[in-house]
Structures are given as structure tokens and as C-alpha cells.
Amino acid sequence: MKQAAPTPSETPRLRLWPGVLLALLLVGARFGLPLVSSDLSMPAMMASLGFAAAILLWWLFFSRARIVDRVLAPVLIAASALVVRPFLDESMETAGYGQLYWVFSLPLLCVALVVWASFFGGRSPAGRRIAMAVVLLLTAGAWTAVRFDGTDGGFDADLSLRWTKTAEDRLVAAGDSAPAVSEGVASIDTGGGWSAFRGPERDSRISNLRIATNWEASPPVEMWRRSIGPGWGSFSVRGDLLYTQEQRGDEEVVATYRVSNGEPVWKHRDRVRFWEAIGGAGPRATPTLAGNIAYALGATGILNALDAENGSLVWSRNTVEDTGAVIPDWGVSGSPMVLGDTVYVAASGALAAYDAATGTPRWIGEPTSGESYSSPHLFKTEESQQIVLLDSEGVKAVDPSDGSPLWNHSWPGAPIVQPAFTDNGDILVSASEQSGLRRLAVTGSAAAGWSAQEQWTSIRLKPYFNDFVVHEGYAYGFDGRILAAMDLVDGKRVWKGGRYGNGQLVLLADQGLLLVLSEDGDLALVSATPDGFEELSLVPALEGKTWNHPVVVGRVLLIRNGVEMAAFRLPEQTT
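Scoring rules and cut-offs
Residues numbered from 1 in each chain as written. Predicted model: local features only at pLDDT ≥ 70, side-chain atom pairs only at ≥ 80, totals over all residues. Heavy atoms only, no water. Helix = DSSP H or I, 4+ residues; strand = E, 2+ residues; numbered from the N terminus. Buried < 20%, exposed > 50% of the residue type's maximum accessible area, 1.4 Å probe, protein only. Areas by Shrake-Rupley, 256 points an atom, 1.4 Å probe, with all protein chains shown as cover. Lys, Arg positive; Asp, Glu negative; His and termini not counted. Charge placed at Lys NZ, Arg CZ, Asp CG, Glu CD. Core = buried A, V, L, I, M, F, W, Y, C linked by side-chain atoms within 4.5 Å. Contact = heavy atoms within 4.5 Å. Pairing = 2+ DSSP bridges. Axes fitted to C-alpha atoms, helices over the stretch in contact; angles between N-to-C directions. Polar contact = N/O pair within 3.5 Å; in protein donor to acceptor, adjacent residues only side chain to side chain. Salt bridge = Lys/Arg side-chain N within 4 Å of Asp/Glu carboxyl O. 1 Å grid on protein atoms, 1.4 Å probe; cavity = no way out; pocket = protein on both sides within 12 Å on 5 of 7 lines; lining within 4 Å. Points joined across faces, edges and corners; volume = space filled by probe spheres on them. Nonpolar A, V, L, I, M, F, W, Y, C, P; charged D, E, K, R; others polar. Phe/Tyr/Trp six-rings, centres within 6.5 Å; stacked < 30°, edge-to-face > 60°. Lys NZ or Arg CZ within 6 Å of the ring centre and 35° of its normal. Expected span 1.5 Å × (residues − 1). Parallel < 35°, antiparallel > 145°, perpendicular 65-115°, else oblique. Left-handed = near helix turned anticlockwise from the far one by under 90°.

Further remarks concern the overall build of the chain. Of regular secondary structure, the chain possesses 8 helices and 37 strands. Across its three principal directions, the C-alpha atoms of the chain cover 105 × 60 × 55 Å. Per-residue burial for the chain yields a buried fraction of 56% across its 575 residues. Carbon together with sulfur atoms contributes 55% to the accessible area of the chain, which is approximately 23,900 Å² in total. Within the chain, the 61 negative side-chain charges are centred at a point lying 12 Å from the centre of the 46 positive side-chain charges.

Have a look at this one:
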């Protein structure tokens, strides 16, 4: 007898196994690879998108689903994601310029499609299509319960339930109560040797200090620890006072604490808040001390001159308005530089000079077309002083007296780190995350003019927002998320080792040591020698993502991140 042809209402038998396999591979790649190494977070994200595309191809061409269902699924995936987007937390909606929501949600929506096909694919046409819409909408809707708290340097996302309080929320709710401190704690005179970002020369170099290197026998001793508002700047220090910047709710704060016990001394507040999804809230720069004034540049471009003893406002300027610059994606990040009676700032690559005593503009430079997060840097020749700045167009040097250009070197990018200098006065610069290092030789004179020639460019050391140091002919810093050393003669890498994430470091020059603060908040001692990578000691120090530069004054180590700060007394070398 001849078998009857299937009626249109009958459902073909789905070919499920390829979809199930791809879904398992997607979940394994997305959530398993970062467990192997945090360096695999970005590859895991890209792999999940690739498997999501493969699931859609399977569904459209190889699943044996009815044509209506094959077309309906991608339409409902896109519609579900779009429908819930207005209900997302702001942090999720704006993450990655609004693109990360799609990167996060589309792979899981494709996995949800496979789950639906496995459990509902055999139902009646109406039933399975209603179930498809419900499953996809619930999957997309789950993202409305999530808050995006940024990423680490490897792009590993930090997600929380949106109704939970952030560390900043808890800090603001607690108010400004002083921490419990021991009676009779003596003040510490650290001198005036750390007056600006990365030290007076902006080179993260510490001299006249020798410490014990066996931290199993003599570890750093914690002096105090306290919560702090978010911000990615560092400290300036004078005597027993440290100066830093933080965000507290709707107020951007310049704050002073005692080095000896962490007790707050004064706070200056501006009613302004900067926030972006990747780095989060808070100012990005570090105060500069000169005379009795602390100069602080906020993330929206507010430059304050504050009495260093009591925090009273001496004068204030809006550098973004003065220069015509645009606040860059990650905020105004350049720390002020003081030279003589003038304070210099960079608002996203636009230089401006102000009278240090009154705030009256001395000169305003031309804004650049792109973004820069680097700070002005003093460059000295035998006959002149120049201000060097890395901006979106390359490297430029200007006359401090009037801002007139002295030389330019084209190397487009979005620079963050500071330039450094070789022993013979050449300049080392980096333009972007993947650009590597370039060595420039500056020649000329005031009469004949100046020029900068490239000596070499090497991608064997690629600092991003992790500054590097120079010691005895070698550069030490982060090649991506791994520590590395480079020969400055030819730009060749001599070693690479030590996974400290996107951390920061300082150089203890007398001992040839790198004091490394890892992205996870660990503290490591590493030999600054070209002979090979050698980690001498490692101890935990902070909790959470740590991008801030450490500071050493005397034997006191000051560290912070966007949640807490702490002081440690480094062990003294006894032999």
C-alpha cells in the first residue's frame, strides 16, 4: 500500500546533534577558557560569537526545521534583544560603546534556541513557536537583572546583580567617619620626594632605598587599610600627608590622609561625576604638589589649586572649556606638571599653561582631533627645557614659555603612558596598545631648530596603560599582560615572564629591583636584570582590580585601587 505524504502540520524530525554539540562548545569556550587563564577572556568572547554564528547556520541550513521556524528563530532572537534593551541597567546598555550587550547576549540566545529545539521542537506549530518566543524573551530579559562593573585589562567582564550595592554605594552610605587608629601613633616624615605622578621626574624611580628581598622571612608589614572612593590615579606625598583623588557619589573629591595611620585630614569636593562602563567611575589623574599648593585635574577637566594644608580653594579652571577639547572616552587623565611659576595640564592632548598662583591662563595650545591620556613631561637638553606630550597625532614638544612648537613626530594613536629617556637623552614613546616602543633621537638647537628621528621601533615591549621603567640600558614593563625586558640598543626583548595582568611597577634603582603591583592586587619583587626573569617574592596586598601606580616614600609603600588603599612598611635590608 502506498504511504500517505506528510501533512503540512506534521513536524519533520530535527537534526539536533550538531546544534547541541555547538552549544556545548560555546558554553565551554565562553566560561571555561577564562578559568584556564585570564588572558583568554577576549579569545573566549570571540569564540562564543563564532559558535553562535555556527548555531545559526546549523539552524538555517542543516536542522531540518520547517522553513517558517528557520526564518522565525533569528528574527525572534534579534527582536528579544531589542525589546529588553530599554530596560537594561545603564552600565550594561552603554558598555563597550553600547556593543558589549550584543556580544554578551547573542551567544546565550543562540544556546537558548538549541535548548528550545531540544525540548519544544516536536510540539504543534503554534505551541512550539509560542514556546520559542517565550524562551528567547526570558533569556534576553535576564540581562535586565545584571549590572556591568567593568572589565580587567584582559577584557574579563565583572557582572553583578543590578540591585546589589557597589563598594562606592556602601562608602557613601557610611559617610566620612574616621577609621579606628591606635592611640599615640607617631607621624611619619617622608620628606618631599614624591610630589607628582610617578615621582618628581615622572619615572617611577626610587633611589637611596634598600629592602630585604626574602618576604617569607621578612614580609612587608601592613600599617593600615581603609576604603576609598573609585578612581585610577595614584598618590603624591609630603611629610605625613598623602594626596589622592576619588569619586563619592555625585562628588569628585581631592582627599588628604595621614601616611602614618590613614586618618582623613581634609577633602575638597566638586559636584561632578565621571563614569564610563569599562573603567567605572572616578577621576583618573594624580595631584601635584608645589609650594603650599596641591594641583588636581578631574576627569571632566576641572583644575583645582588647593591649599595643601587645609584644602581651601585657591583657584579653579575648567580646562576643557579653556582649550576647546572634548572629554575623551576614559576621561581627562593627564596629571598636572608644575615648572617654576606655571602649571601645565593636558586635556585630551590639548596643552594649557596657567599662572600657578592665580590660575590666569598663560597660553592655550591647539586641541587635537583624537584622544590622549598621557601627562605633560619635562624634557631637558643642554640648552633648553621642553614640554613633551604624547597625543593622538604623535609626539610633540613645545616651549614652556609660550607653547610655541619645537618639534613634532608623527605616530598616530591614543597614548596613555609617559615617555621615558635613555642614558644619552633619547626619548622612548608608545602610541597605543599594540604599537610597541619607539626610540627617538632629538637633535638641533634653539637657533637652528629641532627635529626628532626614529632610531628603531619594536613590538617586543607593548606598554598600554602600564608605564615602564628604564634601568642601566634596559626597559622593563608589560608586554601586554606579561612582564618583559628590552635592550634599548636595538629594541630586542631579552626576556619575558611573570603574569601580573595589567599591573604597574616602580624601580628600586639601588638594588636593581622591580616592585610590581599586579592587576589582582598582589605585590611582587622581580630582579631588574637582563639575565632573565626572576621573581624573588610575592605576597597578597589588595583585593580587586588594581590599575593604580604604587608609591614608595622612605620605606612606606602606598597602594590603592578603586575600592581600598593601604600602607605597608617594607622590610629593611639588614646585611
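This part is about the nonpolar core. With 40 residues, the main nonpolar core has Ile55, Trp59, Met92, Leu100, Tyr101, Trp116 and Phe148 as its most contacted residues. Elements represented by at least two residues in this core include exactly helix 1 (17-36), helix 2 (41-62), helix 3 (67-84), helix 5 (100-120), helix 6 (125-141) and strand 1 (146-151). Take this core: its biggest share by element is 12 residues, from helix 5. Leaving out residues up to four positions away in the same chain, Trp116 has contacts with Trp59, Gly121, Arg128, Ala131, Met132 and Val135. By size, the runner-up hydrophobic cluster in this structure holds 36 residues, among which are Ile206, Val259, Val506 and Leu525.

Here we come to the sheet that holds strand 20 (residues 385-391). In sheet architecture, strand pairing relies on hydrogen bonds along the backbone and comes in two forms, parallel and antiparallel. Reading across from one edge, 19-20-21-22 is the order of the 4 strands in this open sheet, with antiparallel pairing throughout. Since the sheet does not close on itself, it has two edges, and those belong to strand 19 (377-380) and strand 22 (405-410), each with one partner. Pairs of neighbouring strands in the sheet enclose a mean axial angle of 25°, with direction left out of account. In this sheet, strand 21 (residues 394-398) lies alongside strand 20 in antiparallel orientation, the contact comprising 5 bridges. Bridge pairing links Val388 to Ala397 in strand 21.

Relative to the helices and strands, Ser204 resides in the loop between helix 7 (167-174) and strand 3 (205-206). Within polar-contact distance, the side chain of Ser204 engages the side chain of Arg198 at 2.8 Å. In this view, Ser204 contacts Trp194, Arg198, Val469, Leu505, Val506, Leu507 and His549; residues no more than four positions away in its chain are not counted.

It is worth spelling out the side chain of Arg30 at this point. Looking at the secondary structure, you find Arg30 in helix 1. Despite its burial, Arg30 remains without a salt bridge, the nearest opposite charge being carried by Asp156 at 5.4 Å.

Further remarks concern the layout of surface pockets. Volume-wise, the largest pocket comes out at about 1,200 Å³. Taken together, 45 residues line the largest pocket, and the ones lying closest to its centre are Asp149, Gly150, Asp158, Lys545 and Val563. Counting residues per element, the ones that place at least two in the lining of the largest pocket are helix 4 (90-94), strand 1, strand 2 (157-161), helix 7 and strand 10 (280-281). Sorting elements by how many residues they give to the lining of the largest pocket places strand 1 first, with 5 residues. Here the lining of the largest pocket is composed, by residue class, of 11 nonpolar, 14 polar and 20 charged. The wall of the second largest pocket is formed by 32 residues, among which Trp330, Ile416, Tyr464, Phe465 and Trp547 lie closest to the centre.

What follows covers the environment of Gly512. Its place among the elements puts Gly512 in the loop between strand 31 (504-508) and strand 32 (513-517). Gly512 sits 198 residues away from Val314 along the chain, and the two C-alpha atoms are 41 Å apart. Apart from the residues lying within four places of it in its own chain, the contact partners of Gly512 are His471, Val526, Ser527 and Ala528.

Another aspect to go through is unusual backbone geometry. Negative phi is the rule for most residues except glycine; trans is the rule for most peptide bonds. Even without glycine at this site, Arg64 takes up a positive phi of about 70°. One non-glycine residue with positive phi stands out, namely Ser348, at about 50°. When you line up the elements, Ser348 lands in the loop between strand 16 (342-347) and strand 17 (350-355).

With the rule as written, the count across this model stands at 25 salt bridges. Taking the shortest distance from any N to any O, the salt bridge between Glu251 and Arg271 comes out at 4.0 Å. Residue Glu251 is found in strand 7 (residues 251-258), and its partner Arg271 is found in the loop between strand 8 (264-270) and strand 9 (275-276); the two are separated by 20 residues along the sequence. A residue is classified by how much of its surface remains accessible, and Glu251, at 22% relative accessible area, is partly exposed. Look at the salt bridges and you will find they share partners, linking Asp250, Glu251, Arg269 and Arg271 into a network.

With that out of the way, let us pick up the packing of aromatic side chains. Evaluation of the coordinates by the stated rule reveals 18 aromatic pairs. Seen from their ring centres, Trp315 and Tyr354 are 6.2 Å apart, and the 35° between their planes marks the pair as tilted. In this pair, Trp315 is assigned in strand 14 (residues 313-318) and Tyr354 in strand 17, connecting sequence segments 39 residues apart. Take Trp315: its relative accessible area is 6%, and that puts it in the buried class. Where Tyr464 meets Phe465, the ring centres are 5.2 Å apart and the plane angle is 55°; that geometry is what we call tilted. Each of the two residues, Tyr464 as well as Phe465, counts as buried. What links up through ring pairs into an aromatic cluster is the set Trp232, Tyr464, Phe465 and Trp547. Geometry around Trp411 places Arg438 over its ring, the cationic atom sitting 4.0 Å from the centre.

Relative to the helices and strands, Tyr344 resides in strand 16. A C-alpha to C-alpha distance of 9.1 Å links Tyr344 and Asp355, two positions 11 residues apart in sequence. The contact partners of Tyr344, leaving out residues within four places of it in the chain, are Pro336, Met337, Leu339, Ala352, Ala353, Trp363, Pro376, Ile387 and Pro400. Within the local environment of Tyr344, its side chain forms a polar contact with the backbone oxygen of Pro400, the two atoms lying 3.0 Å apart.

Moving on, we come to helix 3. Each α-helix winds once per 3.6 residues, and so residues spaced three or four apart point in a common direction. Under the 1.5 Å per step criterion, the end-to-end length of helix 3 is 27 Å for 18 residues, consistent within 8% with the ideal 26 Å. Asp69, Ala73, Leu76, Ile77, Ser80, Ala81 and Val84 are the residues of helix 3 that are buried. Contacts made by the buried residues of helix 3 are with helix 2, helix 5 and helix 6.

A few words now on the packing of helix 3 against helix 5. Two elements in contact, helix 3 and helix 5, have axes separated by 10 Å at closest approach and are oriented at 135°. With respect to helix 5, the axis of helix 3 lies oblique. The handedness of the crossing between helix 3 and helix 5 is right-handed. Where helix 3 approaches helix 5, its residues Ala73, Ile77, Ala81, Leu82 and Val84 are matched on the opposing element by Tyr101, Trp102, Leu106, Leu109, Cys110 and Leu113. Residue classes in the contact of helix 3 with helix 5 are distributed as 11 nonpolar, no polar and no charged.

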